[in-house]
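# Secondary and tertiary structure notes
This is what each chain is made of:
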Amino acid sequence: MKTLMLQNMVKCNFRCKHCIISCSQINDKKINPDHFKKVLKNNIREKYNIPEKAAIIGVVAWFRKWHGLDFLIKTCYENGLFRLKNVYLLLLGDGPALLECKTYVKEKLIEKNVIFTGAVERERISEYIDAFDIALQPRVTSYACPLKIIEYLAMGKAIIAPDQDNIRDILTDQKDALLFKPDDKDDLCSKIHTLLKNSNYKKELSRNALKAIEEKKLTWIENANRAISLINSSNNV
């Protein structure tokens, strides 16, 4: 998001040196993996009949075409991920593209492996994210700064997301996330398989995700501190 905005400002001959662009932030006091005990994770699995040892690939999204939920489901089905029988998609949200996704899932007889939760109360979303083994962003517009990705980082999740400028403003490929070629089913599936087969690497990404919040200063407090510092420095000019 920051990269794209700066590029557009340059095109418009905007004086970029006088502008600071900040991405979305989180309140790390409210979103913290230490707040969620194992019993909560197990409750989510029990609620949706997901075996304890199964891998949960989770997405928090509003069901619109540009979020790519249909792309994710088709990728998993066409590449045989559901034939492994221990891989489940847990899709949180509602929206106009939900019916199309549900129809496809029913036609392909994969209703056991693709779970639609519907809309989830905002204060309970972290409980669901805590149950994810892999947190995924299937698709994103070029101008967005998805807050869910920062929440995934704060929850210490292994993240897979599209490799594009606005995502690289937040994530570092192969350090705190794996990035795939946008809309490339084979590359996305390859990244999923990498994390399913390598638990140590997945844990490493998770640890680095937690560190990224502090290292990249992705909290509202840090954002406010930057703003105050800029105001103070401008008063001294």
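Just so it is clear, the model here is predicted, and its values are computed rather than measured.

A separate point is the pattern of salt bridges. Oppositely charged side chains are able to pair whenever their charged atoms sit close together. Tallied over the entire structure, the rule returns 12 salt bridges. For Lys-65, the salt bridge identified is with Asp-70, shortest N-O distance 2.8 Å. Here Glu-127 and Arg-124 are joined by a salt bridge, their closest N and O atoms 3.1 Å apart. On the basis of relative accessible area, Glu-127 is assigned to the buried category, the value being 18%. Exposure remark for Arg-124: the relative accessible area of 27% places this residue in the partly exposed category. In the salt-bridge network here, residues are joined through shared partners; they are Lys-65, Asp-70 and Glu-100.

Another point: the side chain of Asp-70. Counting through the fold element by element, Asp-70 comes out in helix H3 (residues 69-78). When its relative accessible area of 13% is taken as the criterion, Asp-70 is described as buried. A distance of 2.8 Å separates a polar atom in the side chain of Asp-70 from a polar atom in the side chain of Lys-65.

Scanning the model with the defined rule gives 1 cavity of 30 Å³ or more in all. Counted as a void, the largest cavity has a volume near 50 Å³. For the largest cavity, the full set of lining residues is Phe-63, Arg-64, Lys-65, Gly-68, Leu-69, Asp-70, Ala-97, Glu-100 and Cys-101. Listed by contribution, the elements that provide at least two residues to the lining of the largest cavity are H3 and helix H4 (98-107).

The rules behind these values
- Residues numbered from 1 in each chain as written.
- Predicted model: local features only at pLDDT ≥ 70, side-chain atom pairs only at ≥ 80, totals over all residues.
- Heavy atoms only, no water.
- Salt bridge = Lys/Arg side-chain N within 4 Å of Asp/Glu carboxyl O.
- Buried < 20%, exposed > 50% of the residue type's maximum accessible area, 1.4 Å probe, protein only.
- Helix = DSSP H or I, 4+ residues; strand = E, 2+ residues; numbered from the N terminus.
- Polar contact = N/O pair within 3.5 Å; in protein donor to acceptor, adjacent residues only side chain to side chain.
- 1 Å grid on protein atoms, 1.4 Å probe; cavity = no way out; pocket = protein on both sides within 12 Å on 5 of 7 lines; lining within 4 Å.
- Points joined across faces, edges and corners; volume = space filled by probe spheres on them.

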